[in-house]
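# Secondary and tertiary structure notes
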Amino acid sequence: METKNYSSDSGFILLGISSNPQLQKPLFAIFFIMYLVTVMGNILIILAIHSDSRLHTPMYFFLSNLSFTDICFTTVIMPKMLANLLSETKAISFVGCLVQMYFFMACGNTDSYLLASMAIDRLVAICNPFHYDVVMNPRRCHLMLLASCTISHLHSLLRVLLMSRLSFCASHVIKHFFCDTQPVLKLSCSDTSSSQIVVMTETLAVIATPFLCILFSYLRIIITVLRIPSVAGKWKAFSTCGSHLTVVALFYGSVIYVYFRPLSMYSVVKDRVATVMYTVVTPMLNPFIYSLRNKDMKRGLRKLRDRIHL
């Protein structure tokens, strides 16, 4: 096969969700609505938290930042995907591909670390409630946020620098709706064995660390809650974790399926569906999960609604 370096040439073609021309406009309508719901829902969560002083707590501080990150996460992907659904070329430059890859990974990893921070918040609130205000003080919360963003961006920078050194074959069609690592690696004519090892190791470190932190936090929470004598007390303690656990299950379930497998097991259709779950569906559902299952958020949203009507 002819080798051609598309990094300085014509870039890539994003195949998209489906190559069927008859599905392009219906898919555009569906994903456009989903994008609007995601952006508006997460903006409402942010406004509700900032407008209600009773929601100025560590848990809602992390939730507002999670909502902001979710907006950025989907915005990195969706506008280009929507434009390609109505375009015949579906092209993206090599630099544009790397930029999209960078911010996609930065936002996705920040999401992961914020979910871990929220798990730590629940751990302290349930297992050590008398020292909650001391442990989860504003300075520590801001440091946790700063660490989440810094680690995520350093991870993204390393991955993009690694991808920028690859050469690509004559085929430059990415069988995906955005520039993700696995489908781009599939196109490379370079020896990607070392790249795959680095990607797998570094992804394991960056994604597994917050995931293990969440598992440890909930193990401690379960042990503590089981010691509560009354059923009502157990239910009250667990009820504060329900929304967070739902989001964690949706996010990590699809992320683990997509990224923790060898490149040889990559499946275009299955991975595309799984990727839609954590890049589009989960950010869209987060506002509903937290607002429908949380009395404080419902109160904050009602307060925001009353202010808007005034």
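Calculation criteria
- Residues numbered from 1 in each chain as written.
- Predicted model: local features only at pLDDT ≥ 70, side-chain atom pairs only at ≥ 80, totals over all residues.
- Heavy atoms only, no water.
- Helix = DSSP H or I, 4+ residues; strand = E, 2+ residues; numbered from the N terminus.
- Buried < 20%, exposed > 50% of the residue type's maximum accessible area, 1.4 Å probe, protein only.
- Contact = heavy atoms within 4.5 Å.
- Areas by Shrake-Rupley, 256 points an atom, 1.4 Å probe, with all protein chains shown as cover.
- Patch = residues over 30% accessible without salt bridge, like charges linked within 9 Å, V, L, I, M, F, W, Y side chains within 5 Å.
- Salt bridge = Lys/Arg side-chain N within 4 Å of Asp/Glu carboxyl O.
- Core = buried A, V, L, I, M, F, W, Y, C linked by side-chain atoms within 4.5 Å.
- UniProt positions renumbered as here; feature names shortened; annotations may be inferred.
- Expected span 1.5 Å × (residues − 1).
- Polar contact = N/O pair within 3.5 Å; in protein donor to acceptor, adjacent residues only side chain to side chain.
- Disulfide = S-S within 2.5 Å.
- Phe/Tyr/Trp six-rings, centres within 6.5 Å; stacked < 30°, edge-to-face > 60°.

### Quick look at the overall build of the chain
Along the backbone of the chain there are 11 helices and three strands. Counting from the amino terminus, helix and strand elements in the chain follow one another as β-α-α-β-α-α-α-β-α-α-α-α-α-α. Relative to its full complement of 310 residues, the chain shows a buried share of 50%. Sequence separation of 24 or more characterises 80% of the internal contacts of the chain that already satisfy a separation of 6 or more. About 15200 Å² of surface is accessible on the chain, with carbon and sulfur atoms providing 69% of the total.

### Digging into a nonpolar patch on the surface
There is a patch of nonpolar side chains on the surface, built from Phe32, Ile33 and Leu36 and spanning about 270 Å² of accessible area. Relative to the elements of secondary structure, isoleucine 33 occurs in helix H1 (residues 24-51).

### Some points on the pattern of salt bridges
If the charged atoms of two oppositely charged side chains come close together, the side chains can form a pair. Per the counting criterion, the structure on display carries three salt bridges. Measuring nitrogen to oxygen at the nearest pair gives 3.6 Å for the salt bridge that ties aspartate 52 to arginine 299. Of the two residues, aspartate 52 is situated in the loop between H1 and helix H2 (58-85) and arginine 299 in helix H11 (residues 295-309); the sequence distance between them amounts to 247 residues. Residue classification places arginine 299 among the partly exposed residues on the basis of a relative accessible area of 21%. Across the pair aspartate 121 and arginine 122 runs a salt bridge, and its minimum N-O distance is 2.8 Å.

### Some details on the nonpolar core
Grouped together as the largest cluster of nonpolar side chains are 83 residues, with contacts concentrated most on Phe31, Leu63 and Leu115. Broken down by element, the residue count for this core peaks at 16 residues, all from helix H3 (residues 94-127). If we skip the residues at most four places from it in the chain, phenylalanine 31 touches Ile17, Met78, Met81, Leu82, Val276 and Val280.

### Focus on the side chain of threonine 275
Residue placement: threonine 275 occurs in helix H10 (residues 268-292). Each residue touching threonine 275, except ones within four places of it in the same chain, is listed here: His176, Phe177, Phe178, Val258 and Val280.

### Quick look at the UniProt feature "transmembrane region" (unreviewed entry) in the chain
UniProt records the feature "transmembrane region" (unreviewed entry) at residues 27-48, 60-79, 143-162, 204-226, 238-260 and 272-292, using the numbering of this structure. Across residues 27-48, the secondary structure splits into 100% helix and 0% strand, with the terminal C-alpha atoms separated by 31 Å. Split by type, residues 204-226 is 100% helix and 0% strand. Its first and last C-alpha atoms lie 32 Å apart.

### Points about helix H5 (residues 138-164)
The first and last C-alpha atoms of H5 sit 39 Å apart over 27 residues, in line with the 39 Å expected at 1.5 Å per residue. Turning to H5, its buried residues number three or more, namely Cys141, Met144, Leu145, Ser148, Ser152, His155, Ser156, Arg159, Val160, Leu162 and Met163. Looking at where H5 begins, the residue whose side-chain oxygen comes 3.1 Å from the main-chain nitrogen of arginine 139 is asparagine 137.

### Describing the state of the cysteines
The full count for this structure, using the stated rule, is one disulfide. Put simply, cysteine 97 and cysteine 179 are joined by a disulfide, and their sulfur atoms are 2.1 Å apart. Between cysteine 97 and cysteine 179 the disulfide shows an S-S torsion of about -125°. By sign, it is left-handed. One end of the pair, cysteine 97, is in helix H3; the other, cysteine 179, is in the loop between strand E3 (173-174) and helix H6 (181-186), and 82 residues separate them in sequence. Judged by relative accessible area, cysteine 97 falls into the buried class, the value being 1%. With no disulfide of its own, cysteine 149 has cysteine 107 as its nearest cysteine by sulfur position, at a separation of 9.1 Å. Under the relative-accessibility criterion, cysteine 149 is labelled partly exposed at 28%.

### Topic: the side chain of aspartate 52
By relative accessible area, aspartate 52 is classed as buried at 0%. Non-local contacts of aspartate 52, meaning those with residues more than four positions away in its chain, are made with Arg299, Gly300 and Lys303.

### Some remarks on the packing of aromatic side chains
Per the counting criterion, the structure on display carries 12 aromatic pairs. For the ring pair phenylalanine 61 and phenylalanine 62, a centre distance of 5.4 Å and an interplane angle of 65° mean the geometry is edge-to-face. Measuring from ring centre to ring centre gives 5.0 Å for tyrosine 102 and phenylalanine 103, while their planes differ by 85°; the resulting arrangement is edge-to-face. Residue tyrosine 102 is classed as buried on the basis of its relative accessible area, which comes to 18%. Judged by relative accessible area, phenylalanine 103 falls into the partly exposed class, the value being 38%. In this structure an aromatic cluster arises from ring pairing among Phe73, Phe104, Phe177, Phe178, Phe211, Phe251, Tyr252 and Tyr278.

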